[in-house]
Amino acid sequence: RIQRSFYTTNSGVTAGMCGNWAGTGNACRDGVINTQALVAASANYRAAGYCDALVQDGHDDWFLPAIGQIMFMTGVTTGDSSLLTTLANSAYHATSSERDSSAYWELYRASNGNLVATSNPKTTNRNLRCMRVLN
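Keep in mind it's a predicted model, so treat the numbers as computed, not measured.

Visitor: Any chance you could explain the pattern of salt bridges here in plain terms?
Guide: Here the idea is simple: oppositely charged side chains can pair when their charged atoms come close. A complete count under the given rule lists four salt bridges for this structure. We note a salt bridge from D61 to R132, for which the minimum N-O separation is 2.7 Å. A residue pair is termed long-range when its members are at least 10 positions apart, and D61 in the loop between α3 (46-53) and α4 (67-75) and R132 in the segment after β5 (125-128) qualify at 71 residues. You can call D61 partly exposed: its relative accessible area is 36%. In this structure R132 comes out as partly exposed when scored by relative accessible area, which is 21%. Two residues, R126 and E106, come together in a salt bridge whose shortest N-O distance is 2.9 Å. Of the two residues, R126 sits in strand β5 while E106 sits in strand β3 (residues 103-109), which places them 20 residues apart along the sequence. E106 carries the same exposure label as R126, and that label is buried.

Structure (structure tokens):
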């Protein structure tokens, strides 16, 4: 686990908007597209840049998940549940979904066990969980 700010400043730059965390647009659902757009837009997108540049276990196709992807992953009840439970512990986790020009969506597990999507200023350091698609 590593922490990075989503963006170095609150400059008003946006690469893709996800106004509502439950939205169905690409910015809300597709971390691959988001990560590529953020990296192409500015080197100041630190969280997306970290995942995009990550090489681990011989794989270089990592991305910062969108809010819809990370919400979906935490709700999956089959497969490797040990991984899924670490995605949403009591710490906040960054996503690649921008709420607006000054904030992005993040996820955390509340004290009652519920998953909560909330937004935070882009300069706040949060945990990153880079993902990749298995083919």
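Visitor: Sorry if this is basic, but what is going on with the packing of aromatic side chains here?
Guide: Each aromatic ring pair is described using two quantities: the centre-to-centre distance and the angle formed by the ring planes. Evaluation of the coordinates by the stated rule reveals zero aromatic pairs. In this arrangement the basic side chain of R126 is found over the ring face of Y92, its NZ or CZ atom lying 4.2 Å from the centre. The positively charged end of R132 is found above the aromatic ring belonging to W62, 5.9 Å away from the centroid.

Visitor: Before we go on, may I ask you to explain the packing of helix α2 (residues 31-41) against α3 in this structure?
Guide: When two helices pack together, their arrangement is captured by the angle between the axes and the distance separating the axes. Two elements in contact, α2 and α3, have axes whose closest approach is 9 Å; the angle formed by their N-to-C orientations is 110°. Between α2 and α3, the angle falls in the class roughly perpendicular. Judged by the sense of rotation from one axis to the other, the crossing of α2 with α3 is left-handed. Between α2 and α3, the residues in contact are T35, L38 and V39 and A48, G49 and D52, respectively. Across the contact of α2 with α3, the residue classes break down as three nonpolar, two polar and one charged.

Analysis parameters
Residues numbered from 1 in each chain as written. Predicted model: local features only at pLDDT ≥ 70, side-chain atom pairs only at ≥ 80, totals over all residues. Heavy atoms only, no water. Salt bridge = Lys/Arg side-chain N within 4 Å of Asp/Glu carboxyl O. Helix = DSSP H or I, 4+ residues; strand = E, 2+ residues; numbered from the N terminus. Buried < 20%, exposed > 50% of the residue type's maximum accessible area, 1.4 Å probe, protein only. Phe/Tyr/Trp six-rings, centres within 6.5 Å; stacked < 30°, edge-to-face > 60°. Lys NZ or Arg CZ within 6 Å of the ring centre and 35° of its normal. Axes fitted to C-alpha atoms, helices over the stretch in contact; angles between N-to-C directions. Parallel < 35°, antiparallel > 145°, perpendicular 65-115°, else oblique. Left-handed = near helix turned anticlockwise from the far one by under 90°. Contact = heavy atoms within 4.5 Å. Nonpolar A, V, L, I, M, F, W, Y, C, P; charged D, E, K, R; others polar.

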